Amino acid sequence: MDTCRLSIYGLLSTRKRLTKGGHKSTGDGSRGDAVLPKATNLPRAYLYNKLVSQVRGTYHNFPGIVLYMNQEIIEQISRLRKDEWVDLQGLILCATTHLSNAGLPNPSCVSISLLGWGSCNTAYKLTFSDGIQLAATVSAYDEEEFSPQAKRSEIETMRFVRDSGLYPDVPVPMVHAWDTTFTNSAGAPYVLMDLIPGRTLNSLGQGSRDRLFGLEALAPAQQLSVLKSLAKLQASISRPVPFNKIGSLTVDEDGKRVIGPLFNAGHQGSGGPYNSAQELWRAQLETEILRALKNWDSLKTDEIRPHNPICSPQAFAELYQLLSSLIPHFEPPKPYLSLVLHHPDIALRNVFFDDTEHLKITGVIDWGGSQIPPIMLTACYPDDLMTDNFYPYPRPGYITLSEDWGSVPCDWTSFDTSQASPSFEVPNDPVDYLPRASAMVRLFYLRTFYSGSYAEQMNMLHNDADLARATLFLDASYYLKFHEVVSGTWFTWAEHANWIRETYWRMRALAKDKCGQLVIGPNVYRGPVERPICDLRISGEYVSVKKDNYVDRVEEDDNASRAGEGDTDLDDEDEGVKSGDEN
């Protein structure tokens, strides 16, 4: 037999005998096609201990299969980025097996190349001799960090978008096969899917002197066109879903699509599913109490964390009670309670556009961490529109630790580059802050445009002209901040301790029940309210352990506020609230 010409096609009959149906359970309830038959009972290392190097390539020999791997592919693999536990030759074998099982005669991989990588996955392009191309994503998490349930939820979300009929305007690649274990030939969990045509726009402008990339590198008219497309994408998935719980999509033992535990983009689970946002938030607080009971019962000093962000058991208890008391006030009003699908990372790096027409989206990827939450908690701008307090230079006068958010941008509407500290990318070559600072201000107006485009698309796509939801991005910022804090750990509480305290005291200063009413406020707190208490804590006690703690900052900010840095209240009708906020 000419083994040089023997294809993987001969595996089909052998594999079906071994697996009695051509499928292999991945161990978490999912069934992926493109995997080696586990019935061989052989460790993965054995499969490649029998490699025989030849002048033209390598033969893979193990029971039932002989696969020829030409030298060119082996050289391509040697140059590719991958995690140490990943076997790209095994990945090719898995993909070839899938094509063979799908009925394709004599599939042969002719090239493999890198498509991209991120914190969760590395993506490769596989090209076969008959012209078929597949995208293969391999988990970047090791076995200890990887969550099979989270990956299964990501896959099920993609399938839901494709086959539910609810999202005809959202192009998602078809998933052909997957394995959520580390015992397959690739050595890591993988997903095989269609290759998306087009390109992403996040790499535009790379290498430019002014450091304007992606959206910022486009001309204004092009920016608006791209943002219209992104707004339509987000509006398209913002329609009510046929589920009544908060969580992430999965399938039950019978293969029925249901809402399961809540996962974020980092594969971290938050329990659930939940009946309401309040139930979710209280469960997160309870998790932190359980953490304290487990880890903090033998502290030698009253310091959980002695450096920024500072935290002590007393501060933890205070923040816990403040957050708990605020939960009823942050239950979204009724117009914002409908449950919708949420893609947690709409960004130019995850959206493919037609090569010739920026208006047309050809594919959306990276659905890991997708959730079913109330629509109020989905009003996050695309990552390309986000700005913070620190870039391109730290803004003077901000309580930076408490106002550094992942879900809400800091509004740059003006700047003075003379206040920026000198910075050098290379010796004697100072950075010109002007282009970057100007770009931050332009993003403020682009966010304004995006918000309006989203409301327009909600009306056009879903006939939704509700005035409350039309201003969703304007109304949601405080709910997103609260959700970000409560959904984090005690560390997140400590980072945002000033914001938690300030929000509590402002709401208390209103001196009336605000439950059920919309909560809004300034983009950034610049000073404290006048509190109706007599605080007898002095320097050296738990709140004033360090110089840069809350009390010292409050005193500094209060002095700055009285010096006339601003006077914008949470509620303009409440004369008891004094602040110097940034609107």
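The structure displayed is predicted, hence computed values, not measured ones.

### Points about the overall build of the protein
Each helix and strand in the protein was counted, giving 15 helices and 16 strands. By the burial criterion, 51% of the 583 residues in the protein qualify as buried. For the protein, restricting intrachain contacts to residue pairs at least 6 apart in sequence, the fraction spanning at least 24 positions comes to 66%. For the protein, the accessible area works out to roughly 27,200 Å², and carbon and sulfur atoms hold 50% of it.

### Observations regarding the environment of Arg-79
Mapped onto the elements of the fold, Arg-79 is located in helix 3 (residues 71-79). Overall, the relative accessible area of 62% leaves Arg-79 in the exposed class. Between the C-alpha atoms of Arg-79 and Ser-113, which are 34 residues apart in sequence, the distance is 9.2 Å.

### A look at the pattern of salt bridges
Applying the stated criterion to the full structure yields 13 salt bridges. Close ionic contact of Lys-151 with Glu-154 constitutes a salt bridge, the shortest N to O distance being 3.0 Å. On the criterion of helical spacing, the pair formed by Lys-151 and Glu-154 is a turn pair, its members being three residues apart in helix 5 (residues 148-163). Overall, Lys-151 belongs to the buried group, its relative accessible area being 4%. Across the salt bridge formed by Arg-257 and Glu-156, the nearest N and O atoms sit 2.8 Å from each other. Remark: Glu-156 occurs in helix 5 and Arg-257 occurs in strand 12 (residues 257-260); sequence separation between them is 101 residues.

### Quick notes on the pairing of strand 10 (residues 190-194)
The buried fraction of strand 10 is high, at four of five residues. Pairing of strand 8 (residues 133-139) with strand 10, which is carried by five bridges, proceeds in the antiparallel orientation. The residue bridging Ala-136 from the neighbouring strand is Leu-192, located in strand 10. One ladder, built from four bridges, connects strand 9 (residues 175-179) with strand 10; its direction is antiparallel. In the strand pairing of strand 10, Trp-178 is matched with Val-191.

### Considerations on the pairing of strand 6 (residues 109-117)
Bridge count between strand 6 and strand 7 (residues 121-128): seven bridges; the pairing is antiparallel. Counterpart to Leu-114 in the pairing with strand 7 is Tyr-124. Hairpin connection of strand 6 to strand 7: three residues between the antiparallel strands.

### A look at helix 12 (residues 477-487)
Burial runs high along helix 12: eight of the eleven residues are buried. For helix 12, every residue scored as buried is listed here: Tyr-478, Tyr-479, Leu-480, Lys-481, Phe-482, His-483, Val-485 and Val-486. Buried residues along helix 12 sit against helix 7 (277-295), helix 8 (313-326), helix 11 (472-475), helix 13 (490-495) and helix 14 (497-509).

### Focus on helix 3
Turning to helix 3, its buried residues number three or more, namely Ile-73, Ile-74, Gln-76 and Ile-77. Along the axis of helix 3, the buried residues cluster in a sector spanning 160°; they form a single face. Helix 3 presents Glu-72, Ser-78 and Arg-79 as exposed residues on the side facing more than 90 degrees away from its buried surface.

### Quick word on the sheet that holds strand 6
Spatially, 6-7-8-10-9 is the arrangement adopted by the five strands of the open sheet, whose pairing is antiparallel. The open sheet has two edge strands, strand 6 and strand 9, and neither has a second partner. The average undirected angle you get between the axes of adjacent strands in this sheet is 20°. Set on the sheet, helix 4 (residues 88-101) makes contact with strand 6, strand 7, strand 8, strand 9 and strand 10; between it and strand 7 the angle comes to about 55°. Seen against the sheet, helix 5 touches strand 7, strand 9 and strand 10 and runs at an angle of roughly 170° to strand 9.

What counts as what
- Residues numbered from 1 in each chain as written.
- Predicted model: local features only at pLDDT ≥ 70, side-chain atom pairs only at ≥ 80, totals over all residues.
- Heavy atoms only, no water.
- Helix = DSSP H or I, 4+ residues; strand = E, 2+ residues; numbered from the N terminus.
- Buried < 20%, exposed > 50% of the residue type's maximum accessible area, 1.4 Å probe, protein only.
- Contact = heavy atoms within 4.5 Å.
- Areas by Shrake-Rupley, 256 points an atom, 1.4 Å probe, with all protein chains shown as cover.
- Salt bridge = Lys/Arg side-chain N within 4 Å of Asp/Glu carboxyl O.
- Pairing = 2+ DSSP bridges.
- Arc of directions from axis to C-beta.
- Axes fitted to C-alpha atoms, helices over the stretch in contact; angles between N-to-C directions.

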